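# Breakdown of the fold
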Amino acid sequence: MESVKSQSYEVHIGELAEAALNQHIAKNSYSKIFVLVDENTKAHCLPFFKEMFDGPVDFILEIRSGEENKHIHTCLQLWEDLSNLDGDRKSLLINLGGGVLTDMGGFVASTFKRGIDFINIPTTLLSMVDASIGGKTGVDLGSLKNQIGVINQPQMVLIFPEFLKTLDPRQVKSGYAEMLKHGLIMDKAYWGSLAEKSNFTDASCIQKSIAIKNEVVLQDPTEKGLRKILNFGHTLGHAIESFCLDNHDKKTLLHGEAIAAGMILEGYLSHELQGLSKLSLDEIKKTFLTHFDKVDFTDNDIDAILQLLKYDKKNSHGNVNFVLLHSIGKAVTDIKVPEEMFQKAFAYYKE
């Protein structure tokens, strides 16, 4: 299994990851090595990490898992921990967890002492195929996702597919949604094969998704143009996710579950505004609803979700900008959507 070369670092998978980590530690004289975990990765992933890691771990830092803890108060706790434990600019932070933990750990490392080295070891399928590439770090502002952050690259990303055995099926499926997105925006053949696969967690599928995202990011590291295509399904999907997070009477959706709904909705917008065929639209809807439960939206829910669109990070000059599909495998960016289209998109979703 080959490593994937990103901007200033590499993504190593399996045995290559173990060797790369130990070589990196051996040639860098870090003053202290911190490992960041949550209660889940502490129990299920940290023992494996300690077994394959040759070097000494100075301190284990622990946070609570979940999107609801991805905020500046958790960062403050971590900055204070690093400071109290005599962390300095030659310290290393190893982030061992899912996307919430690697996003936040990367942000904490990027801002502590104006920046210390960090390594990401994603432990969920979602973080392996999505958060592992691109250097986006950050935290939520209230229920608004990823409003505070910086783009900063890790020293390396290490993928161990065996960590997926520690996840419940719902968490694994959340990552599958992002993998399907990679096919929709860049690779029709990959979409077709992945939609039919029963085992989408093998290393070759993970590597393919990482390679697709990496190809985009290498061409546009700071999201000035092409990289925006990675946001397909995320404009409405993030609004849905934020709405459910903020309304405790609603079932909290995992990221992939919200994005799956977002991709059906934005698929409809693509059909209406960019010529995506009805056949392709129905194929997208059928594929996602085969794997993800349909979310029950009331009219009031939809109104509240649409209100949240104004906070989307991709907005500029007061406009909500969408990534839509011209066809499966070909995405277009910066599309403005007439307001009346949103209700029609939700009506199609609910059919």
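A brief look at the structure comes next.

Reading the values: the criteria
- Residues numbered from 1 in each chain as written.
- Predicted model: local features only at pLDDT ≥ 70, side-chain atom pairs only at ≥ 80, totals over all residues.
- Heavy atoms only, no water.
- Helix = DSSP H or I, 4+ residues; strand = E, 2+ residues; numbered from the N terminus.
- Contact = heavy atoms within 4.5 Å.
- Buried < 20%, exposed > 50% of the residue type's maximum accessible area, 1.4 Å probe, protein only.
- Pairing = 2+ DSSP bridges.
- Patch = residues over 30% accessible without salt bridge, like charges linked within 9 Å, V, L, I, M, F, W, Y side chains within 5 Å.
- Areas by Shrake-Rupley, 256 points an atom, 1.4 Å probe, with all protein chains shown as cover.
- Salt bridge = Lys/Arg side-chain N within 4 Å of Asp/Glu carboxyl O.
- Expected span 1.5 Å × (residues − 1).

Looking now at the environment of Val-172. Assignment of secondary structure puts Val-172 in helix 7 (residues 169-186). If we skip the residues at most four places from it in the chain, Val-172 touches Leu-125, Leu-164, Leu-167, Phe-200 and Thr-201.

For strand 3 (residues 33-38), the tally of buried residues reaches 6 of 6 residues, placing the bulk of the element in the interior. In strand 3, alternate side chains face the same way, and those of Ile-33, Val-35 and Val-37 on one face and Phe-34, Leu-36 and Asp-38 on the other are all buried. Sheet topology note: the strand 3/strand 5 (residues 92-97) ladder contains 4 bridges and is parallel. Looking at the pairing, Val-35 lines up with Ile-94 of strand 5.

On the surface, a cluster of nonpolar side chains totalling about 230 Å² of accessible area is made up of Ile-72, Leu-141 and Ile-148. Within the secondary structure layout, Ile-72 lies in helix 4 (residues 72-84). The partly exposed category is assigned to Ile-72, whose relative accessible area is 36%.

To continue, consider helix 5 (residues 99-111). If you check helix 5, its first and last C-alpha atoms are 18 Å apart, about what 13 residues at 1.5 Å a residue would give, namely 18 Å. For helix 5, the buried fraction is high: 11 of the 13 residues fall into the buried class. Regarding helix 5, the residues found buried are Gly-99, Leu-101, Thr-102, Asp-103, Met-104, Gly-105, Gly-106, Phe-107, Val-108, Ala-109 and Ser-110.

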